[in-house]
Each structure stands twice: as C-alpha cells, then as structure tokens.
Amino acid sequence: MLRHVAAGIDGSPEGLAAAHWAAREAVRRGRALRLVHAWEWQPRPAPSVPADMSQRSWAEDMLAQASDSMRAAHTGLQVITHSVADAPVGVLLAAAEEADLLVLGSHGISGVAGFLTGSVSQRVVARSPRPVVLVRAGECTADEHFSAVDGISPDEIPETPYREVVLGLDTARPCDELIEFAFDAARRRATPLRVIHAFSPPPAFAAVDRLAPVNGPELLAECERAVVATLRPWCEKFPEVAVTETVTEGRAAGELIHASVGAALLVVGRRVRETRLGTHLGSVAHAVLHHAPCPVAVVPHA
C-alpha cells in the first residue's frame, strides 16, 4: 500500500474537519490520503442515515462525497477510501498501524465534556501504535496560519506563515519519537518550534541532600540546562527550525494548554505501557486533549 495519512470519518462535522486536516498533512508530507469509515449494523440506523438507504450504501455515499471534497480542495492529492462493517476501535487501530499517522475528530470544547468526548477516539488514542492527531469541529486552513493581510484567506496566499508548533518536553524521560515528530512538524510548516518544560520544586525533605538542586534560581538554571542539552542534537539535525524554550515552575498540563492558544499544533507524548486496567493516556495527555483549543498530536513512545 502507498504510504499515506489516514483519517477516520463518520459523517459528522468533526470527522470532516479531521479529513481536511489529514488532507493538508498528506500534501505537506507528499503522501496519499486514506479515508476510513467503520460501521456496525444496528436495528435502528442513526438519524443521519436516510430511510431509503442501507447503512452500507450510506457509508459508501458518504465516503465518496468526502473523497470528492478532498480532491477538489487539493489538486493532485491521491485519495483512497476504505469502508468496513466492524467495530470502529479495531478498524481505526488497524488503519493507524498502516499509516504515517491517524487523524480523528473531536467534538470540540465544552464546559462539561471538554475537548475529547468520544469514547472511540479516546480508546484509539490510548492504544494506537502510531501518532494520532485530534482535530475539533470547525478547524480549517485559516486556523493553522496567521491572519493574512486585508482578510484574505490563507488558501489564496500559500505563503501566509504558519502558527508555531508547541512541544511538551519531559527532560527526565525524553524520547526520540516525540521530539523528532515535533521538529519535523515545524520544519514542514517552516515555522518556529516552542518547547515547554514545566517543573515542580522538590519536596522539603529533599533539601537535606546537598547534591540535589534547591528551590529558586538554582533549580530553574538546572532545568534550563537539561532542556538545552536534550534539544541540542535535534537542533543540529533540524538547523532550519527556530527553537524557543520556555522553562517554568508549574503544572505541565496547564502550561501546555495556555501555550496551545494560537498554535498550529500541540505535540505531547504517551508512554506505551500496560497496567492492570489496560492502556491509558497519562494525566498530561488526557488534560490537553480535553482543553487545548488547537489540534493535538499524541505520539506513542517507549
């Protein structure tokens, strides 16, 4: 199969937004786009399925319309469609395994449910072997770019600069997959990469260990040195990417959510591990998926 970016769609506005984001990413990567739809037979079809159509026919028609829309928006883009009658989580995980990355839609921000409200999306993100990008309904090309002059759409001026890419970095457990994904995303967009590292001061009893940095300027300086050392080989590998580091005391999730306002993409990691309750996202990834206003890429790593 051709190398491709996959998008899971279900006929919803958020699914369509995910497909358009995936199409733009496929163009940036020089890949094909694969639209994936999974459906399970129901005695009472969803209200979106017309009374005179079967679920299978509706799925095929929906995929065909989405495919035509992607081709019309991106001349030369190769679009592949895949519809299967099976459980959505399994279908999407299989699609992710074959793709460069998988893009899914989220229902958007709400005071109660937050950003990630779909149980299917949450289970796929927690178990995917490949990076997954979550896109909210209404996300469009203009949201990835700074405002063009005189209100002209970025679609009409391809040179309109992208907004920055934001990376959440844990220097205690850095991983190549996560850092490389963020640098590569910034390079493809010719935009700066902003790296956020948040730290917490050690507990009071740690002060008795004179080898441990104390609270205040010494601890901040130690964290800043760790960030610079962690990023140095990647700055050398991606010299065209301008990098800014923000090192601050606080909760990582809160700092990342704040930094994601006005960003093109927020990149966070998910450590691959099994617990007695199964796979899970981790507190930082879970929080940003609920509250970050921009697309979020969750990158699995060892």
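None of these values were measured; they are calculated from a predicted model.

**Here's the deal with helix H6 (residues 176-189)**
Residues separated by three or four positions in an α-helix point in the same direction, a consequence of the helix having 3.6 residues per turn. If you check H6, its first and last C-alpha atoms are 20 Å apart, about what 14 residues at 1.5 Å a residue would give, namely 20 Å. Every buried residue of H6 is listed here: Leu 178, Ile 179, Phe 181, Ala 182, Phe 183, Asp 184, Ala 185, Ala 186 and Arg 189. Downstream of H6 by one or two residues, Ala 190 has phi in the positive range, about 50 degrees.

**Digging into empty space enclosed by the protein**
Summed over all chains, the structure comprises one cavity of 30 Å³ or more. In this structure, the largest cavity spans a volume of roughly 40 Å³. Along the walls of the largest cavity sit Trp 21, Glu 25, Arg 29, Leu 101, Phe 181, Asp 184, Ala 185, Arg 189 and Leu 265, which together make up its complete lining. Elements with a minimum of two residues in the lining of the largest cavity: helix H1 (13-29) and H6. With four residues, the single largest contributor to the lining of the largest cavity is H6. Grouping the constituent residues of the lining of the largest cavity by class yields five nonpolar, no polar and four charged.

**Comments concerning the packing of aromatic side chains**
One pass over the structure, following the stated rule, counts one aromatic pair. In this structure, Arg 28 packs its charged tip against the face of Trp 21, placed 5.5 Å from the ring centre. Taking NZ or CZ as reference, Arg 189 lies 6.0 Å from the ring centre of Tyr 162, over its face.

**Let's talk about the pairing of strand S9 (residues 265-271)**
Judged by how many residues are buried, S9 sits mostly within the fold: five of seven residues are covered. Judged from the three bridges that link them, strand S6 (residues 165-168) and S9 form a sheet pairing that is parallel. Its bridge partner lying in S9, Val 166 is registered against Leu 266. Looking at chain direction, S9 and strand S10 (residues 296-301) are connected through six bridges and run parallel. Paired with Arg 270 across the two strands is Pro 300, which belongs to S10.

**Some thoughts on the confidence of the model for the chain**
Of the residues in the chain, 81% have a pLDDT of 70 or more, and the chain-wide mean is 86. Model confidence for the chain, summarised as mean pLDDT per element, is weakest for helix H4 (residues 119-127) at 88 and strongest for S6 at 98. Below a pLDDT of 50 lies the segment residues 108-117, which in the model reaches 28 contacts outside its immediate sequence neighbourhood of four places, other chains included.

**Points about the pattern of salt bridges**
Enumeration according to the criterion identifies 17 salt bridges in this entry. Close ionic contact of Arg 3 with Asp 100 constitutes a salt bridge, the shortest N to O distance being 3.3 Å. One end of the pair, Arg 3, is in the segment before strand S1 (4-8); the other, Asp 100, is in the loop between helix H3 (88-98) and strand S4 (102-106), and 97 residues separate them in sequence. Judged by relative accessible area, which is 52%, Arg 3 ranks as exposed.

**A look at the sheet that holds strand S5 (residues 132-136)**
On the basis of which strands lie adjacent, the open sheet formed by 10 strands has the order S3-S2-S1-S4-S5-S10-S9-S6-S7-S8 and mixed pairing. Because the sheet does not close on itself, it has two edges, and the strands there are strand S3 (79-85) and strand S8 (243-249). The mean inter-strand angle of the sheet, taken between neighbouring strand axes irrespective of direction, is 25 degrees. Note that strand S2 (residues 32-39) and S3 share seven bridges and pair parallel. Residue pairing across strands places Ala 38 opposite Val 84, the latter belonging to S3. The sheet strands contacting H1 are S1, S2, S4, S5 and S9, and the helix crosses S1 at an angle near 175 degrees.

**Points about the side chain of His 74**
Residue placement: His 74 occurs in the loop between helix H2 (55-73) and S3. Residues within four places of His 74 in sequence aside, it is in contact with His 20, Ala 23, Arg 24 and Val 27.

**Some thoughts on the packing of helix H8 (residues 252-260) against helix H9 (residues 283-291)**
One can describe the packing of H8 onto H9 by two numbers: an axis separation of 9 Å at closest approach and a directional angle of 30 degrees. As for how H8 packs across H9, the hand of that crossing is right-handed. Between H8, through Ala 252, Ala 253, Leu 256 and Ile 257, and H9, the contact on the second element is made entirely by Val 284, Ala 287, Val 288 and His 291. Within the contact of H8 with H9, the residues separate by chemical class into seven nonpolar, one polar and no charged.

The rules behind the values
Residues numbered from 1 in each chain as written. Predicted model: local features only at pLDDT ≥ 70, side-chain atom pairs only at ≥ 80, totals over all residues. Heavy atoms only, no water. Helix = DSSP H or I, 4+ residues; strand = E, 2+ residues; numbered from the N terminus. Expected span 1.5 Å × (residues − 1). Buried < 20%, exposed > 50% of the residue type's maximum accessible area, 1.4 Å probe, protein only. 1 Å grid on protein atoms, 1.4 Å probe; cavity = no way out; pocket = protein on both sides within 12 Å on 5 of 7 lines; lining within 4 Å. Points joined across faces, edges and corners; volume = space filled by probe spheres on them. Nonpolar A, V, L, I, M, F, W, Y, C, P; charged D, E, K, R; others polar. Phe/Tyr/Trp six-rings, centres within 6.5 Å; stacked < 30°, edge-to-face > 60°. Lys NZ or Arg CZ within 6 Å of the ring centre and 35° of its normal. Pairing = 2+ DSSP bridges. pLDDT = per-residue confidence, 0-100. Contact = heavy atoms within 4.5 Å. Salt bridge = Lys/Arg side-chain N within 4 Å of Asp/Glu carboxyl O. Axes fitted to C-alpha atoms, helices over the stretch in contact; angles between N-to-C directions. Left-handed = near helix turned anticlockwise from the far one by under 90°.

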